[in-house]
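The lines below spell out each chain.
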Amino acid sequence: QVQLVESGGGLVRAGGSLRLACAASGSFFSIYGMGWYRQATGKQRAMVSQITSGGIKTYADSVKGRFTISRDNAKNTVYLQMDSLKPEDTAVYYCRRGLGTSPVWGQGTQGTVSS
């Protein structure tokens, strides 16, 4: 059974940076699109960024120019570099394997940005 384990969350001041990582177990990591989603308190989970198996990247408008998604297929890992963080970026960040139906989700990692 595939497992996704996120890491890299924490507390940072506004303007600071965090780098999230999501390590996937199992085989065939490279054939899957991967994504980062977030859920703030009282809000629905929302897409932050996605990267296809071919390396095409998409971003939510709210993070364009500040966040960068990347993947290392040799390490079965997808990253989210978050710069110029704002208090409104505070959320639990989830990794997702698969961009269509039947995705696999990680357990989430908390990112908190103080003003």
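Residues numbered from 1 in each chain as written. Predicted model: local features only at pLDDT ≥ 70, side-chain atom pairs only at ≥ 80, totals over all residues. Heavy atoms only, no water.

Caption draft 1: Structural view of the pattern of salt bridges. Overall, the coordinates contain three salt bridges when judged by the stated rule. Between Lys64 and Asp61 there is a salt bridge, with its nearest N and O atoms 3.1 Å apart. Across the pair Asp89 and Arg66 runs a salt bridge, and its minimum N-O distance is 2.8 Å. Taken together, the residues span a long stretch of sequence, with Asp89 in the loop between β8 (77-82) and β9 (91-97) and Arg66 in the loop between β6 (57-59) and β7 (67-72) at a distance of 23 residues. Of the residues examined, Arg66 reaches a relative accessible area of 10% and is grouped as buried. When salt bridges with common partners are traced through the structure, they connect Arg38, Arg66 and Asp89 into a single cluster. (Salt bridge = Lys/Arg side-chain N within 4 Å of Asp/Glu carboxyl O. Helix = DSSP H or I, 4+ residues; strand = E, 2+ residues; numbered from the N terminus. Buried < 20%, exposed > 50% of the residue type's maximum accessible area, 1.4 Å probe, protein only.)

Caption draft 2: Representation of the state of the cysteines. Considering all chains together, one arrives at one disulfide under this definition. Sulfur-sulfur distance for the disulfide between Cys22 and Cys95 comes to 2.1 Å. The sign of the -80 degrees torsion about the S-S bond sets the Cys22-Cys95 disulfide as left-handed. Here Cys22 is found in strand β3 (residues 18-24), whereas its partner Cys95 is found in strand β9, with 73 residues between them in sequence. Overall, Cys22 belongs to the buried group, its relative accessible area being 0%. Judged by its relative accessible area of 0%, Cys95 is buried. (Disulfide = S-S within 2.5 Å.)

Caption draft 3: Molecular detail of the packing of aromatic side chains. Within the structure shown, the criterion is met by one aromatic pair. Over the ring of Tyr79 we find Arg19, and its NZ or CZ is 4.1 Å from the ring centre. Geometry around Tyr32 places Arg97 over its ring, the cationic atom sitting 3.8 Å from the centre. (Phe/Tyr/Trp six-rings, centres within 6.5 Å; stacked < 30°, edge-to-face > 60°. Lys NZ or Arg CZ within 6 Å of the ring centre and 35° of its normal.)

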